[in-house]
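Remarks on the overall topology
Given next are the chains, with one letter for each unit.
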Amino acid sequence: MIHVHRYKKPAAGEVYKFCPCGKRKKVVQLREQRRAMKRKAEALWREFAHTRDGSGCQIKKHYPELNLHHTDQMQVDHFFPRADKNLYFDPSNSTVLCSACNYLKSNGSPQSVQILMAVKEIVFRREGEKKFYEMCDVNNRRQPNRDWDREYYLEEIIKNLQIRISDLGEKI
């Protein structure tokens, strides 16, 4: 007869969890480490966008004819939704907007269509047709990112963002 180990949930602070047969398994707490890595990757993603786009709202810079009340608070916007984890940390999916434009982009107001089209055009011009449509394909496939919570994936994202930021800094 085959025995399937049924480990009991460890109490707070315990290093091992145990099966009634006596077998033990080490508990590894990586959740906080992964969260810290995601926060670092997102901070680098934002830094890249601010370095590339400079200060100021990109809509105000590229479309001054739009009659909008811009704010001084800058935010980095995901053109493709944050729910698509395959594009979440992609620097091509980032655009610096003022908080008013970022809010109006998705609130359903008549201006939201104008802002959405303006951001689309900004991303399209900046990244080029090929890259833009590659991102569209990734977004439309809606495949899960199975590596989202993996340390090696987050380490690679952080490393690539650091390299791209340093390359961008050398160009400026």
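Structure first, text after, so check above.
What comes next is a walk through the structure.

What counts and how
- Residue numbers here run from 1 along each chain, matching the order of that chain's written sequence.
- This being a predicted model, a pLDDT of at least 70 is required before a residue's local features are given, and a value of 80 or more before pairs of side-chain atoms are given or counted; all residues contribute to the totals for chains, interfaces and linings.
- In computing side-chain values, all of the structure's heavy atoms are included and hydrogens and water are not.
- Pairing of aromatic side chains requires ring centres within 6.5 Å, counting the rings of Phe and Tyr and the six-membered ring of Trp. Pairs whose planes differ by under 30 degrees are stacked, by over 60 edge-to-face, and all others tilted.
- In DSSP terms, a helix is any run of H or I states spanning at least four residues, a strand is any run of E spanning at least two, and both are numbered starting from the N terminus.
- Partly exposed residues are those whose accessible area sits between 20% and 50% of the maximum for their type, while under 20% is buried and over 50% is exposed, using a 1.4 Å probe and protein chains only.
- A contact between two residues is defined here by any heavy atoms of the two lying within 4.5 Å.
- Think of a polar contact as two N or O atoms within 3.5 Å of one another; within protein, one of them needs to be a possible hydrogen donor and the other a possible acceptor, and neighboring residues in sequence only count if both atoms come from side chains.
- Any Lys or Arg side-chain nitrogen located within 4 Å of an Asp or Glu carboxyl oxygen qualifies as a salt bridge.
- Between N-to-C directions, angles span 0 to 180 degrees; the directions come from axes that are lines fitted to C-alpha atoms, helices contributing only their stretch in contact.
- Convention used here: angles under 35 degrees read as roughly parallel, angles over 145 as roughly antiparallel, angles from 65 to 115 as roughly perpendicular, and any remaining angle as oblique.
- Nonpolar residues are Ala, Val, Leu, Ile, Met, Phe, Trp, Tyr, Cys and Pro. Charged residues are Asp, Glu, Lys and Arg, and all others, Gly as well, are polar.

Some remarks on the packing of aromatic side chains
The full count for this structure, using the stated rule, is 9 aromatic pairs. Summarising the aromatic geometry, the rings of phenylalanine 89 and tryptophan 148 are spaced 5.3 Å apart at their centres and angled 15 degrees between planes, so their arrangement reads as stacked. With a gap of 59 residues between them, phenylalanine 89 in the loop between strand 3 (74–78) and strand 4 (94–98) and tryptophan 148 in the loop between helix 5 (129–141) and helix 6 (151–171) connect regions that are remote in the sequence. Using a relative accessible area of 4% as the deciding quantity, one classes phenylalanine 89 as buried. According to the relative accessible area criterion, tryptophan 148 is buried, its value standing at 15%. Aromatic rings pair up to connect Phe79, Phe80, Phe124, Phe132 and Tyr133 into one cluster.

Things to note about the environment of arginine 34
Summarising the element assignment, arginine 34 is placed in helix 1 (residues 31–53). Between the C-alpha atom of arginine 34 and that of glutamate 151, which follows or precedes it by 117 residues, the distance is 6.7 Å. Setting aside residues no more than four positions away along its own chain, arginine 34 makes contact with Asp149, Glu151 and Leu154. Side-chain polar atoms of arginine 34 contact the backbone oxygen of aspartate 149, separated by 2.8 Å.

What to know about the pattern of salt bridges
Any two side chains of opposite charge can pair if their charged atoms end up close together. Scanning all chains against the criterion turns up 10 salt bridges. Its salt-bridge partner being arginine 52, residue glutamate 127 comes within 3.9 Å of it at the nearest N-O pair. Linking glutamate 127 in helix 4 (residues 110–127) with arginine 52 in helix 1, this pair joins segments that are 75 residues apart in sequence. Arginine 126 serves as the salt-bridge partner of glutamate 127, at 2.8 Å between the closest nitrogen and oxygen.

Notes on helix 3 (residues 99–106)
Counted residue by residue, helix 3 has 6 buried out of 8 residues, so it is predominantly covered. Along helix 3, the residues that are buried comprise Ser99, Ala100, Cys101, Asn102, Leu104 and Lys105. Elements that come into contact with the buried residues of helix 3 comprise helix 2 (58–62), strand 3, strand 4 and helix 4. Positive backbone phi, at 85 degrees, marks glycine 108, one or two positions downstream of helix 3.

Section: the packing of helix 4 against helix 5
Where helix 4 meets helix 5, the closest approach of the two axes is 6 Å, and the angle between their N-to-C directions is 125 degrees. Here helix 4 lies oblique to helix 5, going by the angle between them. Together, Lys120, Val123, Phe124 and Glu127 of helix 4 and Glu129, Lys131, Phe132, Tyr133 and Met135 of helix 5 make up the contact between the two elements. Considered class by class, the residues forming the contact of helix 4 with helix 5 number 5 nonpolar, no polar and 4 charged.

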